[in-house]
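What follows is the residue order along each chain.
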Amino acid sequence: MIHATLPLSEQIHARLIERLQPTELRVIDESAQHAGHMGANDSGVGTHMRVCIASPLFVGISRVQRHRLVYDALQDFIDQGLHALAIELI
């Protein structure tokens, strides 16, 4: 469930904790760096995110499968306007 009262970065962080049980996780809102670009909004937040993540669920699966797990966990955020998601597997 998306909690609209929390900043998007915190909502994403909570979702990834819940779904992927990461051992390391950073969620960085890079939206301000993309002001004026496609997909950016006037607020400068919530459109471009970077996720740095390590999870035991990633063991033994390919890089593409790891990315798919992250995208699947965050699909409803993408459906609601998250324009760009950079994933760094650590």
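The structure this text deals with has already been given above.
Quick summary incoming for the structure in this document. Positions within a chain are numbered from 1, following the residues in the order the chain's sequence is written. Selection of residues for local features in this predicted model requires a pLDDT of at least 70, selection of side-chain atom pairs for listing and counting requires 80 or more, and totals for whole chains, interfaces and linings are taken over all residues. Side-chain metrics rest on all non-hydrogen atoms present in the structure, leaving aside hydrogens and water.

**Things to note about the pairing of strand 3 (residues 84-89)**
Residues in a regular strand point their side chains to alternate faces of the sheet. Cut-off, in case you're wondering: Three exposure classes are used, based on accessible area relative to the maximum for each residue type with a 1.4 Å probe and protein chains only: buried under 20%, partly exposed in between, and exposed over 50%. Helical segments are the DSSP runs of H or I of at least four residues, strand segments are the runs of E of at least two, and each set is numbered from the N terminus. In this scheme, strands are said to pair when DSSP sees at least two bridges between them. The crossover handedness rule: strands pointing away from the viewer, path from first strand over the helix to second strand clockwise, crossover right-handed.
The two faces of strand 3 differ: Leu85, Ile87 and Leu89 on one face are buried, but Ala84, Ala86 and Glu88 on the other face are not. One ladder, built from 6 bridges, connects strand 2 (residues 48-54) with strand 3; its direction is parallel. Bridging from a neighbouring strand, Ile53 pairs with Leu89 of strand 3. Chirality of the crossover, the property in question, places the unit of strand 2, helix 2 (residues 63-79) and strand 3 among those that are right-handed.

**So, the environment of Ser31**
Heads up, the condition is: Between N or O atoms, a polar contact is any pair within 3.5 Å; within protein, one atom must be a potential hydrogen donor and the other a potential acceptor, and residues adjacent in sequence are included only when both atoms are from side chains.
Following the sequence through the fold, Ser31 ends up in the loop between strand 1 (24-29) and strand 2. It is 6.2 Å that separates the C-alpha atoms of Ser31 and Gly46, two residues lying 15 residues apart in sequence. A polar side-chain atom of Ser31 sits 2.5 Å from a polar atom in the side chain of Asp29. At 3.0 Å, the side chain of Ser31 and the backbone nitrogen of His48 are in polar contact.

**Quick word on helix 1 (residues 8-20)**
Here is the rule: Expected span, for any helix, means 1.5 Å times one less than how many residues it has. Any two residues whose heavy atoms approach within 4.5 Å are treated as being in contact.
For helix 1, which comprises 13 residues, the first-to-last C-alpha distance of 18 Å matches the rise-based estimate of 18 Å (1.5 Å per residue) to within 8%. Considering only its buried residues, helix 1 is in contact with strand 1, strand 2 and helix 2. Positive phi shows up at Gln21, right after helix 1, with a value of about 40°.

**Focus on the sheet that holds strand 1**
Condition: A fitted line through C-alpha atoms represents every axis, and for helices the fit uses only the stretch in contact; the resulting angles, taken between N-to-C directions, go from 0 to 180 degrees.
With respect to topology, 3 strands assemble into an open sheet ordered 1-2-3, the strand pairing being mixed. One side of each edge strand has no neighbouring strand; the edge strands of this open sheet are strand 1 and strand 3. The average undirected angle you get between the axes of adjacent strands in this sheet is 15°. Sheet topology note: the strand 1/strand 2 ladder contains 6 bridges and is antiparallel. Residue pairing across strands places Asp29 opposite Met49, the latter belonging to strand 2. Strands in contact with helix 1 are strand 1 and strand 2; relative to strand 2, the strand with the most contacts, it is inclined by about 30°. Sitting on the sheet, helix 2 touches strand 2 and strand 3, and the angle it makes with strand 3 is about 135°.

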